[in-house]
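The chain contents come next:
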Amino acid sequence: MKEIRILRLTLDHFKGMDHFALKPGGGNAVVYGDNATGKTTLYDALTWLLFGKDSAGRTDFALKPLGGDGEVLDHQAVTSVEAELDVGGTLVSLRKCYYEKWTTKRGSAVETFDGHATDYYVDGVPCKKYEYDRRVADLVDEELFRTLTSVTWFCAGLDWKKRRAALFELGQVEDDGQIMA
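Cut-offs applied
Residues numbered from 1 in each chain as written. Predicted model: local features only at pLDDT ≥ 70, side-chain atom pairs only at ≥ 80, totals over all residues. Heavy atoms only, no water. Helix = DSSP H or I, 4+ residues; strand = E, 2+ residues; numbered from the N terminus. Buried < 20%, exposed > 50% of the residue type's maximum accessible area, 1.4 Å probe, protein only. Contact = heavy atoms within 4.5 Å. Core = buried A, V, L, I, M, F, W, Y, C linked by side-chain atoms within 4.5 Å. Axes fitted to C-alpha atoms, helices over the stretch in contact; angles between N-to-C directions. Parallel < 35°, antiparallel > 145°, perpendicular 65-115°, else oblique. Left-handed = near helix turned anticlockwise from the far one by under 90°. Nonpolar A, V, L, I, M, F, W, Y, C, P; charged D, E, K, R; others polar. Phe/Tyr/Trp six-rings, centres within 6.5 Å; stacked < 30°, edge-to-face > 60°. Lys NZ or Arg CZ within 6 Å of the ring centre and 35° of its normal.

(A) Highlighting the overall build of the chain. Of regular secondary structure, the chain possesses six helices and six strands. Walking the chain from its N terminus toward its C terminus, one meets helices and strands in the order β-β-α-β-β-β-β-α-α-α-α-α. With the C-alpha coordinates of the chain rotated into their principal frame, the extents come out at 75 × 40 × 35 Å. The proportion of buried residues among the 181 residues of the chain is 31%. Contacts spanning at least 24 positions in sequence make up 49% of the contacts within the chain whose residues lie at least 6 apart.

Laid out in structure tokens, this is it:
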């Protein structure tokens, strides 16, 4: 397994944060604070950057900052997360940008919302989603990452069959009979 260290994690217009930069420089970092101050948002940002999902494994979560009424605060804002990683001594930069697409139809003076778009960058170079996903998969396996970085993933997020297989492997047993014996 590769050793991966976070040098910098930068969030812009991600969930409740306008701008935030975590700079552990490859060292250990302790993130703590009161409830609703952004601790989970940092983990959500990292898991979205790597796997396109939040910390609970959902793809359908609100990325853009929302107001008290539950509506997007700024439709023109670009939501982005960027990480500089040290992967076994090699610097790797990953960046995702998520934004709304608005167009003015011919003959109309009003812009209309045409959906969302996501741009992907590896080492500052734009790439397609499949290339980005392949590069991330070359760095780290999602299931292993989540198991190692979330105290609840093994019990709550991992499929029971995979959890069972992992416990059998850990206990070095092949079937239920050996456990019962």
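(B) Spatial organisation of the nonpolar core. With 30 residues, the main nonpolar core has Leu-11, Phe-14, Val-81, Leu-94 and Tyr-132 as its most contacted residues. Taken together, the elements giving at least two residues each to this core come down to β1 (4-14), β2 (17-22), α1 (39-51), β3 (79-87), β4 (90-104), β5 (111-122) and α2 (129-139). Of the residues forming this core, the biggest block, eight residues, is contributed by α1. Here Leu-94 is in contact with Leu-49, Leu-50, Val-81, Glu-82, Ala-83, Leu-85, Tyr-121, Val-122, Tyr-132, Val-136 and Leu-139, once residues within four sequence places are set aside.

(C) Geometry of the packing of α1 against helix α3 (residues 142-149). The contact between α1 and α3 brings their axes to 11 Å, and the two run at 170 degrees. It follows that α1 is roughly antiparallel to α3 by the angle criterion. Crossing of α1 against α3: the hand is right-handed. Between α1, through Tyr-43, Leu-46, Thr-47, Leu-50 and Phe-51, and α3, the contact on the second element is made entirely by Glu-142, Phe-145, Arg-146 and Thr-149. Taken together, the residues that form the contact of α1 with α3 break down as five nonpolar, two polar and two charged.

(D) Looking closely at the packing of aromatic side chains. The final tally for this structure, using the stated rule, is six aromatic pairs. A cation over a ring is seen here: Lys-96 above Trp-48, with NZ or CZ 4.9 Å from the ring centre.

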